[in-house]
Amino acid sequence: MKSWLTTTDHKRIGLLYFWTAFIFFLVGGLEAVIIRAQLIKPDGGLGVSAETFNQLFTMHGTTMVFLALMPLSAAFFNFIIPLQIGARDVAFPRLNAFSYWVFLLGGLFINASFIAGPLFGADRLSVAPDAGWFGYANLTSRQFSPGPNVDFWLLGLQILGIASLAAGFNFIVTILNMRAPGMRMLRLPPFTWMTLITQFLVITAFPVITVALVLLMFDRFFGTHFFVPQGGGDPILWQHLFWMFGHPEVYILILPAMGIVSEVLPTFSRKPLFGYTVVVYSGVVIAFLGWSVWSHHMFSSGLGPIADSVFAGTTMLIAIPTGVKIFNWIGTLWGGQLRFTTSMLFALGFIAMFIIGGLSGVSHASAPSDLQQTDTYYVVAHIHYVLFGGTILGLFAGMYYWWPKMTGRMLSEGLGKTHFWLTMIGMNLAFFPMHFSGLLGMPRRIYTYSSGLGVTTFNQVSTVGAFLIGLATLVFFYNLVRTRWRPITASNNPWEGATLEWAIPSPPPVYNFTIIPTVANRLPLWHTERHAPMDPLPLQPPAPIHVPGGSWWPMITAFGLPIMAIGAISRTLPVVLIGALVVIVGIYRWAFEPFEM
Amino acid sequence: MPLVLAAVLLLLSACSGAGAGHFPQSTLAPRSDFSADLHSLYKDVFWWAVGVFVIVETLLLVAIARFRARAGAATPKPIHGHTVLEIGWTLAPALILVFIAVPTMRTIFATAGTAPEGALRVQVIGHQWWWEYRYPTLNISAYNELHVPVGTPIAIEMTSADVIHSFWVPRLGGKRDLIQGRTNRIAFKADSTGEYWGQCAEFCGASHANMRLRVIVQDDTVFQRWVDRQRAAPATPAKGSQEETGQQIFRRSACIGCHTITGIAQGKVGPELSHVGSRGTIAGALFPNTTESLHRWIMNAPSLKPGALMPPQNLQGADLDAVVAYLQSLK
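As the structure is a computational prediction, the values presented were derived from the model and not from experiment.

Remarks on the environment of Arg-270 of chain A
Here comes step 1: As for its position among the elements, Arg-270 of chain A is in the loop between α7 (235-269) and α8 (276-290).
Here comes step 2: Each C-alpha atom, one on Arg-270 of chain A and one on Arg-339 of chain A, is 8.6 Å from the other, the two residues being 69 residues apart in sequence.
Here comes step 3: Beyond its immediate chain neighbours, meaning those up to four positions away, Arg-270 of chain A contacts Gly-336 and Gln-337 of chain A together with Thr-75 and Pro-76 of chain B.

Description of the domain arrangement of chain B
A common way to express how large an interface is: the accessible area buried when the components associate.
Residue and element names in this part refer to chain B.
Here comes step 1: Here chain B is partitioned into domain 1 (120-231) and domain 2 (242-329).
Here comes step 2: Taking only C-alpha atoms, the centre of domain 1 and the centre of domain 2 are 22 Å apart.
Here comes step 3: Taken residue by residue, the interface counts 17 residues in domain 1 and 14 residues in domain 2.
Here comes step 4: For the side of domain 1 that touches domain 2, the secondary-structure elements that each account for two or more residues are β2 (130-135), β3 (140-143), β10 (212-218) and α4 (220-231).
Here comes step 5: Ranked by the residues each element gives to the side of domain 1 that touches domain 2, the list is headed by β10, at three residues.
Here comes step 6: Its residues placed into classes, the side of domain 1 that touches domain 2 shows six nonpolar, six polar and five charged.

Observations concerning the sheet that holds strand β9 (residues 194-199) of chain B
All names here are of chain B.
Here comes step 1: Reading across from one edge, β4-β10-β9 is the order of the three strands in this open sheet, with mixed pairing throughout. Looking at which strands have only one partner, the edges of the open sheet turn out to be β4 (145-149) and β9. Each strand of the sheet is rotated relative to its neighbour by a mean of 25°, with strand direction disregarded.
Here comes step 2: Note that β9 and β10 share six bridges and pair antiparallel.

Describing the interface of chain A and chain B
Here comes step 1: Across the boundary between the two partners, chain A contributes 77 residues, which contact 80 residues of chain B.
Here comes step 2: In terms of residue count, the dominant contributor to the side of chain A that touches chain B is helix α9 (residues 305-333) of chain A (15 residues).

With respect to the pairing of strand β1 (residues 120-127) of chain B
Residues and elements named next belong to chain B.
Here comes step 1: Bridge count between β1 and strand β5 (residues 153-160): seven bridges; the pairing is parallel. For Val-124, the partnering residue across the bridge sits in β5 and is Met-158.
Here comes step 2: Relative to β2, β1 is paired through five bridges, and the arrangement is antiparallel. Across the sheet, residue Gly-126 finds its bridge partner in β2, namely Trp-131.
Here comes step 3: Counting the residues in the hairpin turn of β1 and β2 gives two residues.

Things to note about the domain arrangement of chain A
All names here are of chain A.
Here comes step 1: The domains assigned to chain A are domain 1 (2-532) and domain 2 (560-597).
Here comes step 2: On a C-alpha basis, the centres of domain 1 and domain 2 stand 30 Å from each other.
Here comes step 3: For the side of domain 1 that touches domain 2, the secondary structure elements donating two or more residues are α4 (93-112) and α5 (149-177).
Here comes step 4: Among the elements that line the side of domain 1 that touches domain 2, the one with the most residues is α5, at five residues.
Here comes step 5: Class assignment of the residues belonging to the side of domain 1 that touches domain 2 gives a composition of eight nonpolar, no polar and two charged.

Concerning the nonpolar core
Most often, soluble globular proteins have nonpolar side chains that are buried together.
Here comes step 1: With 277 residues, the main nonpolar core has Ala-21, Val-261, Phe-350 and Ala-397 of chain A as its most contacted residues.
Here comes step 2: Ignoring sequence-local partners within four residues, the contact set of Ala-397 of chain A consists of Ile-260, Val-261, Val-264, Ser-343, Phe-346, Ala-347 and Phe-350 of chain A.

Considerations on the packing of helix α13 (residues 413-439) of chain A against helix α14 (residues 456-485) of chain A
Residues and elements named next belong to chain A.
Here comes step 1: At their nearest, the axes of α13 and α14 sit 7 Å apart, and the two run at 155° to each other. Between α13 and α14, the angle falls in the class roughly antiparallel. In terms of crossing hand, the pair formed by α13 and α14 is left-handed.
Here comes step 2: Among the residues making up the contact of α13 with α14, the classes are represented as 20 nonpolar, eleven polar and no charged.

Examining the sheet that holds β5 of chain B
Residue and element names in this part refer to chain B.
Here comes step 1: Strands sit in the order β3-β2-β1-β5-β8 across an open sheet of five strands; the sheet is mixed. Looking at the sheet topology across the chains shown, the edges are occupied by β3 and β8 (184-189). Across the sheet, the axes of successive neighbouring strands diverge by a mean angle of 25°, strand direction being ignored.

Some remarks on the environment of Trp-291 of chain A
Residue and element names in this part refer to chain A.
Here comes step 1: For Trp-291, the location among the structural elements is in the loop between α8 and α9.
Here comes step 2: When the 15 C-beta atoms within 10 Å are taken as the criterion, Trp-291 is described as partly exposed.
Here comes step 3: With 155 residues separating them along the chain, Trp-291 and Tyr-136 place their C-alpha atoms 20 Å apart.

With respect to the packing of helix α5 (residues 242-252) of chain B against helix α9 (residues 317-329) of chain B
Residue and element names in this part refer to chain B.
Here comes step 1: Direction vectors running N to C along α5 and α9 enclose 100°, while the axes themselves pass 7 Å from each other. Judged on the interaxial angle alone, α9 and α5 are roughly perpendicular. When α5 is examined against α9, the residues Gln-242, Glu-243, Thr-245, Gly-246, Gln-247, Ile-249 and Phe-250 are found in contact with a partner set consisting of Asp-319, Ala-322, Val-323, Ala-325, Tyr-326 and Ser-329.

What counts as what
Residues numbered from 1 in each chain as written. Chains lettered and ligands numbered in written order. Predicted model: local features only at pLDDT ≥ 70, side-chain atom pairs only at ≥ 80, totals over all residues. Helix = DSSP H or I, 4+ residues; strand = E, 2+ residues; numbered from the N terminus. Contact = placed C-beta atoms within 7 Å. Domains from an automatic or database assignment. Nonpolar A, V, L, I, M, F, W, Y, C, P; charged D, E, K, R; others polar. Pairing = 2+ DSSP bridges. Axes fitted to C-alpha atoms, helices over the stretch in contact; angles between N-to-C directions. Core = buried A, V, L, I, M, F, W, Y, C linked by C-beta atoms within 7 Å. Buried ≥ 20, exposed ≤ 12 C-beta atoms within 10 Å, placed from the backbone. Parallel < 35°, antiparallel > 145°, perpendicular 65-115°, else oblique. Left-handed = near helix turned anticlockwise from the far one by under 90°.

Structural data, given as structure tokens:
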């Protein structure tokens, strides 16, 4: 127990990220299922109140983006990246532990709002965030949201932002500085490359939302008027700041999944990734363009025809590098020897589903066309084909692919394939009809709709699909826990992968590599026409390997942040100061902690 | 995959069949120049997308079917890439995007909200959670139900009294946000008479789902008759009638704090009621304007529309009947 609380081992932190994020994923999924149940009937639905519904969809979005998808990717960054680049750990192991604890505590803080009602003299289920995951001003002002709901949201996101930023810097330094000899940049595995690009987006995008949240905090706590029109502020400023973060955030969510798919497809096609450099550079181009498209979320806000044209144009450009990636993946399959493992099925599902989200995205890029679709269920369909059909299917591919490496145990392929087909059928039943609901005039974020709209049937099909996804996820959960009761031991390289993580035992020893390998090419474990596979590593380290010990200080420092947030939300300055003191003392002791333990 | 294809076919049939009364809020059955422009652009994008979809999914399926691993087969040739192919599949999507970008830009400027000379001006003001319409040239106002003449260009200027809302009547045009301190514009010319549904499209708090509206497009003469009625003083109830009792109760109840009836009350918080009896719906186009709905609404508005500012009224029996009769008489 203590060894887990104080751990600085990237592999243990990876597992902690995985299980924490997976539980939040189940919570976000439960919220989605309640949302869909309510919408099975028009004109009042199953009786979920407007206030509860607004909290559910706000928390569903917030949870899935910040507490499930980003940290599930982070679980793989933590576990896999040091192994892929031939390192013993990340660059800053204690900072890594700090990121995890901040993420966990931020997630708990924001979810505590579900039960905190009585502390604020209100009912349960009345003080959770309820202004949408995008928190548009001026609905979030004290005047229109007087309760603690928005405070929970903005303080929670501030805490989570610190976790993301710390991890972002850590992984950039790790990937740039900790590579094994011979691991040149253009020999990095594609997942590592996409992670590197993602982390550059994290460290540039999160400061923007941090600034926006600080301004909002000032408006709400100290009576400033950054976003309040009566005071000379501008609610549109919030939209610009939020989407300047929010659009790069979309690529923060999808690029790691693209990286996973770029690992899985070559392994199970027994062919190198087609156009490796093009796939890498198209990732870089996507990231750059991702910074120039934010206003396409705001076409209905009246930016004027010039701005609309510019942002329509830049948004369309993103389709090009994305298309290039898809063609290269198909190029990878072409002429290969395809093995349809569960991991491969999810990677193929990613291509098949992501393309639908990409294509509906073009109708949003076309600004006037978007005026009929934005804020409708058509967008809900679009984002779910991108984030579920893309990110989540990609993450599932990664889970089946790397689970043996992470735990030393194989997942059941039979249960895996059941999981895959239920997920595919469920997601298409849930999300495809949403295109029609939207085109027929159903706005999003509504707790009920008129039977007169004629969209009841589409909503019923969506609800059935959502329940199927829920069932599929339970099958997956069972598959995960089953590996504890009925272990099937995994070999070093069960899939015949080509990258360094497959050169070492599953699960890897605490020091990862008995000797740091020297890398001579992109596919060190494969025999190709140009080279033979690298020599196996010795089974025992030739000399003792120093591994840093654990530390309490990252966790203690992390605890200071939610204490400050609790002080802020209850308007008690002394508690804020205590939290700040915990952070300062924690960092001080951390900085002077003896290096050898 | 077959599921997706079947669904696409369903979309096509929806495109052609989504006309008439079944889908009063459909984006696929335009009834104005503005919405027709948007719809034709969407159709362009849609068919390009279908083309790309079919090509990519076919390639994927062919690869899956042809390159299944076979026992004993040799390790595949390790192809690392192909420069000509890379250039080809970079240029092809770029070319398709040109065909989408050009009509997009053209439509952006065509639908930028500039109305021709002589358009009828309407100011739309969003409130949590109802709509106020002012006709500055006609000197009248309307609430939740917007009346416009057919075939006349309408210039809409919009703003909000509180949070951001979005005015959206799909069959007449795209949505545009209502923002406090700003004025946004759209313009359209309805091409056929009828009643078109709309609702707020930007999340605006508790009753966002209940902020609905109607646009009633009328022939010139019918529209003119409606304008004349709105301009007239509110109906005066006959001496000793139930309506007159209702008027007296209204006068001494909380109603006057929030509602205006010309000559009777001057409240500004809720919608004006001078001609409430002439409307087809109440409460943000949420309920039909019937005796029963009015009863329920006056007794407990927040239970019907969460967050509504109108508190439950302490009116019962004959008093309530009288107030409802009075409101209904305000044609």
